Amino acid sequence: MCGIVGYVGERQALPIVLSGLKRLEYRGYDSAGVAAFDQSNGTVHLKIKRAEGRLDNLLKVLKEDPIKGTSSIGHTRWATHGRPSEKNAHPHRYKDVVIVHNGIIENYISLREELVKHGHTFLSETDTEIVAHLLQRAIDQEKDFEKACQKVVNKLKGAFALAVLWAKAPNKLFVAKQHCPMVLGLGKDEQFIASDIPALLDYTKDFIFLEDGEMAFVEPTKVVVKKFDGEIVRRKSHRVDWSLAAAEKEGFDHFMLKEIYEQPRVLRDTFRGRIQSKFDGVQFETFKMSDAEAKKLKSLFLLGCGTAWHASLVGKYWIESFAKLHVDVDLASEFRYRDPVVFKNSLAVAISQSGETADTLAAISEAMKLKLKPLAITNAVESSIARKTKSVIYTHAGPEISVASTKCFMAQLGVLALFSVYLASKRGTQNKKWVSKILTDLAEVPEKISEVLKLNDHIRNIAKKYKDYRQYFYLGRGLSFPMALEGALKLKEIAYINTQAYPAGEMKHGPIALISEDWPIVCVAPQDKIYGKAISNFEEVKARGGKLISIGTEGDTELRNRSDEWIGLPKIREEFSPFLTAVALQLFSYHMSVLNGCDVDKPKNLAKSVTVE
Ligand code: F6R
C-alpha cells in the first residue's frame, strides 16, 4: 500500500521525510512526492515536488529545485484511482490545503459530483484531491481549521489515512485514521507521523497508535488526539523496541505470515464500494456492462498461471452456477498454442496479481486476436496486462512481498465472487432476494477468516508432527479440488516437498496405487453438497494405510473421527468454503516451510513476477 511520512519541528523536514519514505520502499510504489512550508524569510511559501517511478526520480527533481522547511509531508503511492503519473502522485493541493492519503474513499464519486456543482475542477484522477477541495471549502465555511477537519472526516466513507498541512498554520499537522494504519512518533520539540513504524525508527522509539475513527492535531510541542465526533482521547505512548527488519514485517517472522494475516483486511478492501450499501447489487469503478450485454454473453474464458489459475477454477464454478454462463479455464501458457473454439459475444478474463506474467499477457493478446472482449483482474494498476486490455477490475491486496501468493489469491477469489454475482444479477439468472443474501454472506467472509487465523498454533502443532514426510497427497472434490491444487502448490514451492493433488474421486482410477504410510493425505472436505462422496473416497485411502489430515467444518464428528488430524473451520455458505480452506492450507505450508528450514519468502528458483515464457 502507499506510504505516508510527516514531520513538524525545528529541523529541516525534508531529509527526515525522504529517509522515512526510503524505509517504506520495500512495500512497493509507483510514484512519490513531498510538500514543505518554507518559512525562512518570514513568509510562508508552500512547495510541492512529485515524480513518477522510484524515489530516486523525486530526489533528482529536488536536486534541481530544492525545498526547505520545518514542516513537511511525503508520500509513496501505489495507484488505486488513476494511473501512476506525476499528476496523480501525492501530495495534492487546493489553495491553502495540501494533503496525502492512503486507502480508498468509497463515496468519492458523489463527493466529487457535489464539488463539481459548486464549480470545482480537478487536476488529477484521484479520490484524494477531492478531500483537499472539501477541506478548503469547510475551512472557508467554518473559519476554523480543526472544526473543518472534523466536518470533512465525517463526510468520508471507506478506508483512509490522511495527513494534511494548512498554509495558515504551517506548524500543525492534521492526521486521521479509518481502517488504514497511522502512527504518531513522539520527539522533543518535534513530532513525526507515518503510515508505518519502520519509517520513523531512525528518529524515535515512542509511538502513539491511532485507532479507527480517530484524528490528531500534531504540533512540535503538543499532540491532541480526538475521536471523529470531537471527543478528546487520552492515549498512552508505547515504546517500540523492534529492529528495522522486524518492524517491516510488523512483528511477524516472515512477510508470508504477515500477508496471510492481512487477508481479512484485503478482502474488506476488495469488497469496499463494490458491494452496494443495501446488498442489492455489485458495482465496479472501472468496469461496466449493461444488462443487455450481459444477457448476450455466450461464454467466458478465464486465463491465468499457477495460483491465479487455481482462483480461475473456483471462479468457473461460481460463474457457471450463479450466472449460468459457460466458462473455459485455460492455463495461460497453453491457451495460445491450442486452437480454441470461440463464440461471438464472449469474454476473455486474464487473472494475474503482477499484471506482468508473460504467458498471461500472451494469452490475453491471443484472445483479443480471436475477437474476444478482454478484461483483466489484477493487483497492479497500469501493469502490462491492464494496459493491454484497457478494461480492468483491480484487486486491492496492496503489494505482496513474499514470493508465494497468499493475499493476492484471496483478493482474486474476492473479485471473482463479486464478478459472478454481478453477472448473475445483470443476466437475471438470480432474483433480488438471492443477490441480497449472497452479498450479505460474502461480506461476512473476512470475519470468518479472522476465526481461521486463530487456529494458527493448532496447525503449527500438526505441521510439527508431519514435517519429515517427503510426499503428500492433497484431495478435494467440487470447489475443494482447486483448493487441493492450491494447497499442494504452496507446499511444493515453499517447503520443497513432493505433492500430488487430485479430485478425491479420481484416486481409484490409478493414484491409489501410491498410498502407503509414507504419504500423508490432506483432505479438503468442508460440508458441502459433495461432502458425502468425498468421505467415501477418503475411506478408500485410509483403508490402504493412508494418514488423513482433514480440513473440514467444525462440529463434523463424522470426518473428524475418521481423521488422524483435524482442522475444523467455521461454518460458512458452502460456495464460499474456498476462502477459509485457503487460509488453513496456507498456514500448514508456511509452518512446514519454517520447520524444514526453508527460505519462506524467497523460495529457490522462483521469482515474484514471471516475465519470460
Ligand atoms: C504461487 C505463485 C505463482 C503465481 C503465477 C502467476 O504462489 O505465486 O504460481 O500465481 O506465477 O503470477 P501472476 O498472478 O503474477 O500472473
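Scroll up to find the structure this text is about.
Values in this document were obtained by computation on a predicted structure and should not be read as measured data. (Residues numbered from 1 in each chain as written. Predicted model: local features only at pLDDT ≥ 70, side-chain atom pairs only at ≥ 80, totals over all residues. Heavy atoms only, no water.)

## A few points about the site of the ligand
- Within the structure, the ligand sits among 14 residues, and Ser-352, Gln-353, Ser-354, Thr-357 and Glu-493 are positioned closest to it.
- A total of 400 Å² of accessible area belongs to the ligand in isolation, and the protein chains cover 90% of it.
- Within the residue set of the shell around the ligand, elements represented by two or more residues are helix H10 (306-323) and helix H18 (480-495).
- Here the shell around the ligand is composed, by residue class, of five nonpolar, seven polar and two charged. (Near = heavy atom within 4 Å. Areas by Shrake-Rupley, 256 points an atom, 1.4 Å probe, with all protein chains shown as cover. Helix = DSSP H or I, 4+ residues; strand = E, 2+ residues; numbered from the N terminus. Nonpolar A, V, L, I, M, F, W, Y, C, P; charged D, E, K, R; others polar.)

## A closer look at the environment of Thr-286
- Residue placement: Thr-286 occurs in the loop between helix H8 (263-271) and helix H9 (291-296).
- Taking the C-alpha atoms as reference points, Thr-286 and Ser-391, separated by 105 residues in sequence, lie 7.1 Å from one another.
- Other than its neighbours up to four places away in sequence, Thr-286 contacts Val-392 and Ile-393.
- Polar side-chain contacts of Thr-286 include one of 2.5 Å to the backbone oxygen of Val-392. (Contact = heavy atoms within 4.5 Å. Polar contact = N/O pair within 3.5 Å; in protein donor to acceptor, adjacent residues only side chain to side chain.)

## Details of the packing of H10 against helix H14 (residues 407-427)
- Contact geometry of H10 with H14 gives a least axis separation of 9 Å together with a crossing angle of 20 degrees. Considering the angle they form, H10 stands roughly parallel to H14. Between H10 and H14 lies a crossing of right-handed hand. Residues Thr-307, Ala-308, His-310, Ala-311, Ser-312, Val-314, Gly-315, Trp-318, Ile-319, Phe-322 and Ala-323 of H10 form the contact with H14, whose own contacting residues are Phe-409, Gln-412, Leu-413, Leu-416, Ala-417, Phe-419, Ser-420, Val-421, Leu-423, Ala-424 and Arg-427. (Axes fitted to C-alpha atoms, helices over the stretch in contact; angles between N-to-C directions. Parallel < 35°, antiparallel > 145°, perpendicular 65-115°, else oblique. Left-handed = near helix turned anticlockwise from the far one by under 90°.)

## A look at the side chain of Asn-537
- On the secondary structure map, Asn-537 appears in helix H19 (residues 531-543).
- Here Arg-477 takes part through its side chain, which lies 2.9 Å from a polar atom of the side chain of Asn-537.

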